[in-house]
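Given next are the chains, with one letter for each unit.
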Amino acid sequence: MKFKSGISEKNVIMKCGADMMLPFAVVFGIYIILFGTVSPGGGFQGGVMVAAAAVLLYLAYGYNTAKQAINTEVLRVGEACGATLYVILGLCGLFVGANFCRNIFFDNGAVGDLISAGTITFMGYSVGFKVLTGVGFLLLLMMSLLAPDADDEEEDAE
């Protein structure tokens, strides 16, 4: 069944579902990254959840829209920044005369606070950012291989 605009009923359902779930996926993934040291989850799990939002965008709107909404160059640079931040945090232990990746900020806050785990919290944030950008970049690369030609997508939209 096609509507007057030429959009099929399936596309409308996919777009409405993605529009509804996309904000929840992003916010919940960020929540998992932020609270990974005081609850189940962490940087890797939250990063993959936020990156999976790109798949929702692709399924509902197609590759061209996903590529316009998500800048691959920003993802590539962001992944390098996340890895660099992790190494810098790991080197903090060496700077105070301890081991690499040593938790040197362990006396911050009360138990259960957001930053109570010290260096581990910030390392989790950097892992979350690295995974978010790295997996997001890989997903966009895979989508580009699956994407039909731009002409086919424009014909489907008509």
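Asker: I would appreciate a short explanation of the overall build of the protein in the present structure.
Answerer: Counting secondary structure elements, the protein contains six helices and zero strands. When its helices and strands are written in sequence order, the protein yields α-α-α-α-α-α. Considering only contacts in the protein between residues 6 or more positions apart, those separated by 24 or more positions represent 62%. Carbon together with sulfur atoms contributes 68% to the accessible area of the protein, which is approximately 9700 Å² in total.

Asker: Any chance you could explain the packing of aromatic side chains here in plain terms?
Answerer: All told, the structure shown has three aromatic pairs when counted by the stated rule. Taking the centre distance of 6.2 Å and the plane angle of 15° together, the rings of Phe-28 and Tyr-31 count as stacked. Remark: Tyr-31 and Phe-28 occur in helix α1 (residues 9-34); sequence separation between them is three residues, near one turn of the helix. With centroids separated by 4.8 Å and ring planes inclined at 35°, the aromatic side chains of Tyr-31 and Phe-35 adopt a geometry described as tilted. Tyr-31 gets classed as partly exposed once you look at its relative accessible area, which sits at 40%. In this structure Phe-35 comes out as partly exposed when scored by relative accessible area, which is 29%. Members of the aromatic cluster, connected to one another through ring pairs, are Phe-28, Tyr-31 and Phe-35.

Here is what the cut-offs are and how they apply
Residues numbered from 1 in each chain as written. Predicted model: local features only at pLDDT ≥ 70, side-chain atom pairs only at ≥ 80, totals over all residues. Heavy atoms only, no water. Helix = DSSP H or I, 4+ residues; strand = E, 2+ residues; numbered from the N terminus. Contact = heavy atoms within 4.5 Å. Areas by Shrake-Rupley, 256 points an atom, 1.4 Å probe, with all protein chains shown as cover. Phe/Tyr/Trp six-rings, centres within 6.5 Å; stacked < 30°, edge-to-face > 60°. Buried < 20%, exposed > 50% of the residue type's maximum accessible area, 1.4 Å probe, protein only.

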